[in-house]
Amino acid sequence: MNKEKIPIKIGIATLDPWNRGGILAHMKIAYEFAMKIDQESRLLYSKTASLRGEKERHSFFKLFFGERRLAHEEKFEGMRGVAIERILPEFEFFNYILNLRLWKKACASSNRFIAVGGDAQCALPFALLRKDYLLWVATTAWEDRVVRIFHGNFFRQCRDLISLPLLLLLEWIAIKREKKILTISEYTKTKIAGRFKINGNEIEVVPVP
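The text that follows walks through the structure, step by step, so that each part is easy to find. Note that the structure is a prediction, hence the values are computed from the model and not measured.

Here we take up the overall build of the protein chain. Counting secondary structure elements, the protein chain contains six helices and eight strands. Sequence-ordered secondary structure for the protein chain, helices as α and strands as β, is β-α-β-β-β-α-β-α-β-α-α-β-α-β. When the 209 residues of the protein chain are sorted by exposure, 45% land in the buried category. Taking the contacts inside the protein chain whose residues are at least 6 apart along the sequence as the reference set, 62% of them involve residues at least 24 apart. Carbon together with sulfur atoms contributes 59% to the accessible area of the protein chain, which is approximately 11700 Å² in total.

This is the structure:
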């Protein structure tokens, strides 16, 4: 008796595409690749309202008034996506934790998972939900944050210094639970292999064209 083949459904965790820049080019390549396999592939990301000129609806103070958190479908430059509202956006390390229930719901229609980001933290929802995923990153959290810490305004410097130890811990979780790591450069491959004690042969370099 032949078993019915289960169709592949791909979910791509990434940053809000409204960040544009290098991450947009990065996610477009992943999305185009996924679409060749699954025409219903979707980007999944925590929404950054400020990038759209909006105010965050669920700030630190509003959380205590029981406002409902939402996830909604949208399109960005032809790419289908699910924007998941953040909770306590003032604290970056909460971006994928306090709204995990919404991430779980957004992931429910997918059975294959790819994480594409500047660093590995975009994969954190997959790691916490115990999904198997491929991770394609550009840098490590330390290299990404150290520039901001020394060049941002005073408030941001203080916030990033306080957040960094937790962000590094969350990065470790995302790296250690992946099934495959791709980096965009040999430099990042060397940094990840050294910092997380991973055999370099287990990491592949796939540049962004």
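Take the packing of aromatic side chains next. Two descriptors summarise a pair of aromatic rings, namely the distance from one centre to the other and the angle between the planes of the rings. Following the criterion strictly, the structure yields seven aromatic pairs and no others. Between Phe91 and Phe93, the aromatic rings sit 5.9 Å apart at their centres with planes inclined by 45°, giving tilted as the arrangement. Judged by its relative accessible area of 31%, Phe91 falls in the partly exposed class. Among the aromatic residues, those joined into a ring-pair cluster are Phe91, Phe93 and Phe94.

The buried fraction of strand S6 (residues 133-137) is high, at four of five residues. Both strand S5 (residues 112-117) and S6 contribute to a ladder of five bridges, which runs parallel. The residue of S6 that forms the bridge with Val116 is Trp136. Of the strand pairs in this sheet, S6 and strand S7 (residues 180-183) are connected by four bridges, and their pairing is parallel. Directly across from Val137, in S7, lies its bridge partner Thr183.

Right, let's talk about the pairing of strand S2 (residues 42-47) for a bit. Of all six residues that make up S2, six are buried, and the element is covered over most of its length. Pairing of strand S1 (residues 10-13) with S2 involves three bridges; the strand directions are parallel. Counted as the bridge partner of Gly11 is Arg42 from S2. Each parallel crossover has a hand, and the one from S1 via helix H1 (residues 21-37) to S2 is right-handed.

Cut-off values and rules
- Residues numbered from 1 in each chain as written.
- Predicted model: local features only at pLDDT ≥ 70, side-chain atom pairs only at ≥ 80, totals over all residues.
- Heavy atoms only, no water.
- Helix = DSSP H or I, 4+ residues; strand = E, 2+ residues; numbered from the N terminus.
- Buried < 20%, exposed > 50% of the residue type's maximum accessible area, 1.4 Å probe, protein only.
- Contact = heavy atoms within 4.5 Å.
- Areas by Shrake-Rupley, 256 points an atom, 1.4 Å probe, with all protein chains shown as cover.
- Phe/Tyr/Trp six-rings, centres within 6.5 Å; stacked < 30°, edge-to-face > 60°.
- Pairing = 2+ DSSP bridges.
- Right-handed = clockwise from strand over helix to strand, strands pointing away.

Remember, this is a structural readout, not a statement about activity or role.
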